[in-house]
Amino acid sequence: MPDFITSPGLFVKEQKLRPVGGLRGAIYSMTGGAVNMGPGLKQRQEEELGRRISRQLQGSYNTAVLSLKGGIGKTSTTVGVGLTLAEYRGDAPCAIDANPDSGDLVERALGEGIYQQSSPRTITDLLKNIESIESLTALSRYMHHAGRLHLIAGEQDPEVSDSLTAEEYLRIRKLVSAYYSVALTDCGTGVTHNAMSGILQSADNLVIAAGYAVSGAKRARSTLQWLASHGYEELARNAIVVITDKDEISSRVDKQAIQEHLAGICRELIAVPHDRGVADGDLVTLDVLKSETRRAYREIAAAIVDGYR
């Protein structure tokens with residue numbers, strides 16, 4: 001026979017979760033909790049996404065966000081997903097701007113006005129003093145903070161911005177891995193710039209940004225094929241393709257045809273709907289985005305953490 005010591009759970013009734021919103025939530029509130037129908041499907045799905053995003057990790061992981069074309073939502077995805085990870089995870093995530101073309105990752109996370117008023121420390125400054133950094137406190141002097149999302153700014157000087165090498169990136173990645181369990185790297189456009197081999201070498205998974213058009217799907221497929229043919233088959237196979245509807249053209253595109261075009265060569269395909277909070281190219285904050293956009297970022301964040309094994 002079971003007893004309290006060996007099987008205490010058998011003597012406690014499992015309590016239903018409280019429904020939030022909708023008819024179930026209304027009934028629960030009206031009856032003072034006497035009638036609890038439990039959470040509906042949508043709430044259960046949201047809670048499952050939250051569990052996947054907040055999963056405890058052993059070690060440090062890095063996701064590279066890249067594309068073959070600019071202006072299709074790569075940096076906004078990095079910021080939106082980074083803020084989502086910061087919202088759900090117990091440990092703060094880090095985002096690194098490794099864009100060789102004067103990336104604007106920090107401006108999109110903080111707003112250009114606040115960024116201009118803050119300390120102008122960049123990835124170049126971090127590299128100059130990296131040997132002296134032996135604590136998170138010392139590292140934080142070279143970072144910017146959008147809430148719980150910590151960011152390393154890209155170099156803005158055009159004469160210096162393309163000089164980041166693979167070896168230098170790996171030094172930064174090693175430093176960041178000592179203090180952060182999750183890092184996102186905004187790679188810029190293309191897959192052949194100086195730092196890219198170091199980024200791919202240290203990446204645990206990839207997010208491939210694409211536009212919601214047939215040409216965007218073709219570019220995403222070309223990126224995955226290039227990766228697979230250059231020794232990154234596992235990264236390509238487990239990649240997450242994110243198609244952002246920046247120009248509100250998805251109503252004229254056969255989404256099913258695009259999904260079929262990418263089927264079988266990536267782990268997951270997630271669409272981010274058209275949203276002025278993303279498309280304007282300015283500050284990205286979760287509280288002004290559509291609920292569908294925030295849901296897409298949660299799906300991407302969950303898929304990223306799922307890939308950390």
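Residue numbering note: each chain is counted from 1, following its sequence as written. A pLDDT threshold of at least 70 governs which residues receive local features in this predicted model, and a stricter bar of 80 or more applies before side-chain atom pairs are shown or counted, although totals over entire chains, interfaces and linings include all residues. The side-chain values count all of the structure's non-hydrogen atoms but skip hydrogen atoms and water molecules.

1. Looking at the pairing of strand β1 (residues 61-67)
Within a regular strand, the side chains alternate between the two sheet faces.
Here is step 1: Across the seven residues of β1, seven count as buried, placing the element largely inside the fold.
Here is step 2: Where β1 and strand β5 (residues 182-189) come together, six bridges link them in parallel fashion. Its bridge partner being in β5, Val 65 is matched across the sheet by Asp 186.
Here is step 3: The pairing of β1 with strand β6 (residues 205-211) spans four bridges and is parallel. When the bridges of β6 are listed, Leu 66 appears paired with Ile 208. Exposure is judged per residue with a 1.4 Å probe applied to protein chains only, and the accessible area is read against the type maximum: over 50% gives exposed, under 20% gives buried, and values in between give partly exposed. Secondary structure elements follow DSSP: runs of H or I of four or more residues count as helices, runs of E of two or more count as strands, with numbering from the N terminus. Any two strands with at least two DSSP bridges between them are considered paired.

2. Focus: the environment of Gly 111
Here is step 1: With respect to the helices and strands, Gly 111 occurs in the loop between α4 (105-110) and α5 (112-117).
Here is step 2: Along the sequence, Gly 111 and Leu 283 sit 172 residues apart, while their C-alpha atoms lie 4.7 Å from each other.
Here is step 3: Not counting chain neighbours up to four residues away, the residues in contact with Gly 111 comprise Val 106 and Leu 283. By the convention used here, residues are in contact when the closest approach between their heavy atoms is within 4.5 Å.

3. Digging into the nonpolar core
Here is step 1: We call a set of buried Ala, Val, Leu, Ile, Met, Phe, Trp, Tyr and Cys residues a nonpolar core when their side-chain atoms join them within 4.5 Å. With 46 residues, the main nonpolar core has Ile 152, Ile 172, Leu 206 and Ile 208 as its most contacted residues.
Here is step 2: Counting residues in each nonpolar core, the second largest holds 39 residues, with Leu 184, Leu 289, Ile 300 and Val 305 among its members.

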